[in-house]
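Topology and contacts: notes
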Amino acid sequence: MYKKVLLTITVLVLLGLAVACGAQPQPTADTGELSAAQTAAAEAEAKLAEAQSAAATAEAKAQEAASAGAEAQAEAQAAVATAQAEAEAAKAQAEEAMKQAEQAASSAPASEPVTLRAIGFESCIVDGLKLQADAYMKAHPNVTIEIEATAYTNLHDKQVIELASGTGNFDIYSVVTEWMPEYTSAGFLEPLDDYVAADPPEDWPNTWTKGFKFQYGADGKLYGFPHHDGPQLLYYRKDLFEDPDNQAAFKAEYGYDLAPPKTWDQFIDIAKFFTRPEEDLWGTVLTAKFGEQQLAHDFWLLLPGFGGGTGFDENGYPTFNKQGGVEALQFYSDLINKYKVAPEASLTYGIPEAGDFYLSGKAAMHWNWAHIGAYAELEEFSSIIGKNAYTVMPKVEGVGQNAVYASYWVLAIAKDSKNKQVAYDFIKFATDKEHDKLLAEVGCIPSRLSSWNDPQLLEKFPFYATFQPSYEGFITSSPRIPEYEKADDILQRYMSQVLAGETDAQSALDAAVEELIPLLEENGAIKK
C-alpha cells in the first residue's frame, strides 16, 4: 500500500517539476516581469525538492513500519499523507508560477520577431483592422501583422476549414456573432477570461454596452472582443422630406404631414409617394439577395414590428410562422411585388449594393446597418452628404415593437494559435479607447461606449447617439445555435420562394418551421 501511495507522490512531484521547468516566457515579456516569474518558478522548484525529501522520509518510515506495530504504521501513514499534501501544494504553486509567467508575457512589447495572421470580412471591417494593425506595428516594431480579406459569402467556410485543421495558420479571426455558437462549441477559439483577469481592457467590465452578450459561449466564458457594430436604423433623405413642395403634395394626397414613418402603413404611403422611376428615384431599396448576410436578418428585424416577438416561445419552439411572421414576410415581398416601391434589382442586392443604391441618391428610405449613416457623410462613398437622417425601425401600430437586431463582429483568437499572448495584446490594443475610434475613419462603427459618447465622433456622426438607447430596448436576433448557417439557409430558401412568387408566406414559413425543428432539437435549443 505504501509503495502505491509513494508512486502517487512521485508522479505529482515529476508533474510539478515539468510544469515549473516548462513555464517558458513568451516573447512579449519585459526583463523585470520575466525575472519575477523565473524567481517564482525557482521557489516552486525548491518546494518540490522539499516534497521529494518528504517522500523519501515517508518511504523509509513505511519500510520500518512494515515489521512494527500498529502505532508505527499509523505514524508512517500520517507521514505519507503529509508528503502527498506537500507535493500537491508544490505542484499548485508551480502551476501558478507558470500562469504568472504567461500573464507577464502578455503585457509588454515583443522582444523577438513575431508574425500574426488575421482573417476577416472584405469590407470596412478589414480596412479598419489594417489601420489598427499599422498603429500596433508602429508601437511594436518586432511584430508583423498580415490580414487576409475574404468576401462574406466565402468567409464562414474558409474560417471553419482553417480552424478545424488545427494548424494555427491564422491567429486572429474576425467573426460575426451568428457564428460564435458554432465556433465556441467546437473548441475552435481560445477563452479570454484568464487574459482579461491579468490584463483587462480599459473600463472593464463596462467597456461595451450590456446589450453585447454574444461574445460569450454557452459555457459562460469570454471568447472575443466586440470590434464593429451599430444597430440597424431606418435612413431617409431629409432633403426630400423637408422640401416644401413634397410636403404640400404629400399632405394633399394622404391627408397627414410628411414625416419619418412611425408605422409600416406610413412607410408604404411615403414609399409610394417617392417612387418615381422616371426620375430614377424609388421609395426604398432592399437587401434581398439569396445567400447574402442580410436576407434572413431582415425577417428577424421586421418580426417584432409585426407583433411576432423573437419568433420563439419560452421553450425555444419556433413561432415565427404565426400571424406576425406571416404578415412580416408578406410585407417584405409586397414592397417589391405589390406596391413596387423597391426596384426588382433588390433581389440581387446584398448589404453593399443596396447601401450604394441609397447613398447614390436613388432611394428615399432604406434600412441597413449603422455604417450607412457613416458612409453618408464620407465623400468617397456618398452623393447625399448632409442630406441623410435616421430614425428607429417602424412598427405596426398597437401590435408591434421597435426592435434592434443584435449582430456584431468580434475579434477572437484561434485555440491553435502559436502566438496567443501577442494576439491578445493586439486585440486589446485594437479595441482600446484610442484605436477603437480608428474604425470611424473608414466608415465602420466603433463598439466601445467611450467611442459612442466621444464628442468629436458625435459631431461628425450624430447618429452614434442612438446606439446605447437602442440596446436598452427590445433586442432580437437569429437562433443562437451552432448550426446557425443551416438555419439561415432554411429561412432564406423559403423567403426567396415567396419573393419569386412561387409560394405564399404562410406555406413558406410552415415549411421552414417543419425543417428547422429537428435542427433545433439536435442542438438542444428546444426544451422538452
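For the structure itself, look to the data block above.
What comes next concerns the included structure.

Rules behind the numbers
Residues numbered from 1 in each chain as written. Predicted model: local features only at pLDDT ≥ 70, side-chain atom pairs only at ≥ 80, totals over all residues. Heavy atoms only, no water. Disulfide = S-S within 2.5 Å. Helix = DSSP H or I, 4+ residues; strand = E, 2+ residues; numbered from the N terminus. Buried < 20%, exposed > 50% of the residue type's maximum accessible area, 1.4 Å probe, protein only. Pairing = 2+ DSSP bridges. Axes fitted to C-alpha atoms, helices over the stretch in contact; angles between N-to-C directions. Contact = heavy atoms within 4.5 Å. 1 Å grid on protein atoms, 1.4 Å probe; cavity = no way out; pocket = protein on both sides within 12 Å on 5 of 7 lines; lining within 4 Å. Points joined across faces, edges and corners; volume = space filled by probe spheres on them. Nonpolar A, V, L, I, M, F, W, Y, C, P; charged D, E, K, R; others polar.

1. Remarks on the state of the cysteines
Enumeration over the complete set of coordinates arrives at one disulfide. A disulfide bridge connects Cys124 with Cys444, and the sulfur atoms are separated by 2.0 Å. Disulfide Cys124-Cys444: the torsion about the S-S bond is 75°, which places it as right-handed. Placement of the pair is Cys124 in helix 4 (residues 124–139) and Cys444 in the loop between helix 16 (433–436) and helix 17 (449–452), with a sequence separation of 320 residues. The class for Cys444 is buried, based on a relative accessible area of 0%.

2. A few points about the sheet that holds strand 3 (residues 172–176)
Taken in spatial order, the five strands make up an open sheet running 2-1-3-9-4, and their pairing is mixed. Each having just a single partner strand, strand 2 (143–150) and strand 4 (225–228) make up the two edges of the open sheet. Sheet twist, expressed as the mean angle between neighbouring strand axes with direction ignored, is 30°. Here strand 1 (residues 114–121) pairs with strand 3 via two bridges, running parallel. Bridging across to strand 3, Ile119 finds its partner in Tyr173. On top of the sheet, helix 4 reaches strand 1, strand 2, strand 3, strand 4 and strand 9 (409–413); it is set at about 175° to strand 2, its chief contact. Lying on the sheet, helix 15 (residues 420–430) is in contact with strand 1, strand 2, strand 3, strand 4 and strand 9; it crosses strand 9 at an angle near 155°.

3. Looking at the environment of Asp416
For Asp416, the location among the structural elements is in the loop between strand 9 and helix 15. The partly exposed category is assigned to Asp416, whose relative accessible area is 36%. Taking C-alpha positions, Asp416 is 8.0 Å from Glu190, a pair spaced 226 residues apart along the chain. Among residues more than four places away in sequence, those in contact with Asp416 are Leu163, Gly166 and Gly168.

4. Focus on the layout of surface pockets
Counted as a void, the largest pocket has a volume near 530 Å³. Considering the residues around the largest pocket, the lining is formed by 31 residues, among which Phe121, Ser123, Ile351, Pro352 and His371 are closest to the centre. At the level of elements, helix 4, helix 5 (152–165), helix 13 (351–359) and helix 14 (371–375) are the ones that each hand at least two residues to the lining of the largest pocket. Examining the composition of the lining of the largest pocket, we find that six residues originate from one element, helix 13, more than from any other. Considering only residue class, the lining of the largest pocket consists of 17 nonpolar, eight polar and six charged. Considering only enclosed or pocket space, the second largest pocket measures out at about 380 Å³ in volume. Taken together, the residues of the lining of the second largest pocket sort by class into seven nonpolar, six polar and three charged.

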